[in-house]
Amino acid sequence: MPIRLVDKAVTYNEYGRAEVAKFDPSTAKRMGIAGHGVDFGIYHPRVDDASKDLRKQSLPKGKSVLGLCIAANNSRKDWFRTFQIIAEVIKKDPSVTFNCWVDPRRRIDIGEELTGVPQALGLTLGRDVCCPDPKQLHAPEEMIADLIRASDFYLSTSSGEGWGMTAGEAMACGVPCAIPRVAAWEAIPPECCQPIKAGGS
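Residues numbered from 1 in each chain as written. Predicted model: local features only at pLDDT ≥ 70, side-chain atom pairs only at ≥ 80, totals over all residues. Heavy atoms only, no water.

**Q** Which parts of the structure should I look at to understand the environment of Gln57?
**A** For Gln57, the location among the structural elements is in helix α3 (residues 49–58). Taking relative accessible area as the criterion, Gln57 reaches 62% and is therefore assigned exposed. Gln57 sits 93 residues away from Ala150 along the chain, and the two C-alpha atoms are 10.0 Å apart. (Helix = DSSP H or I, 4+ residues; strand = E, 2+ residues; numbered from the N terminus. Buried < 20%, exposed > 50% of the residue type's maximum accessible area, 1.4 Å probe, protein only.)

**Q** Teacher, can you tell me more about the nonpolar core here?
**A** Among soluble globular proteins, nonpolar side chains are generally buried collectively. Tyr43, Ile70, Ile144, Ile148 and Tyr154 are the most contacted members of the largest nonpolar core, which totals 21 residues. Listed by contribution, the elements that provide at least two residues to this core are β3 (65–70), α6 (141–149) and α7 (165–172). Broken down by element, this core gets its largest block of residues, four residues, from α6. The contacts of Ile148, once residues within four sequence positions are left out, are Tyr43, Leu68, Ile70, Glu169, Ala170, Cys173 and Val175. Counting 15 residues, the second-largest nonpolar core is a separate cluster that includes Val96, Val117, Val129 and Phe153. (Core = buried A, V, L, I, M, F, W, Y, C linked by side-chain atoms within 4.5 Å. Contact = heavy atoms within 4.5 Å.)

**Q** I tried to follow the sheet that holds strand β7 (residues 177–178) on my own but got confused; where do I start?
**A** Where strands meet in a sheet, backbone hydrogen bonds hold them as pairs that are either parallel or antiparallel. Taken in spatial order, the five strands line up as β5-β4-β3-β6-β7 in an open sheet, and their pairing is parallel. Only two strands of the sheet have a single neighbouring strand rather than two, namely β5 (129–130) and β7. Pairing geometry for strand β6 (residues 153–155) and β7, over two bridges, is parallel. Residue pairing across strands places Tyr154 opposite Cys177, the latter belonging to β7. (Pairing = 2+ DSSP bridges.)

As structure tokens, then:
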């Protein structure tokens, strides 16, 4: 449906309005902004026993650094590339392990099987990469917040975000983020991040 036929057009932020203005300036002018935000009652930096327990459960013997990926299974989340990046990180630092909050058996939009990808890249499931039981993928937000606080850093390889909720949640928990400079993430104030050149260490 053409956006100009919508009675009330809204966007998350000024970035979204600017993107619409590139192809439909008149609609962009009348667009409202429905602020997307983080619930600071849930996402905060206070580490509790649940976070400590999750960290212990998530760190296999010999591992000391816990990374976290949270992403839906869709075309903006290139899980082949994500596992490649994880393999590159672990090759440089074998003490790192990752919690990948995704169902590795499939990509919902195209039905691709992902189970064999980590192994094909030399990653050991349960040691280098841990994925939740698919039944846990719709866990309460409080559990996701505990999982974030249990982590040393958050990684995203998303190719596009209208807002980037998971990175915002990680920042609210005081967890460092490694995110690509794409889409709405370009609008993150420079004082909140340290840009890293692609391919850098």
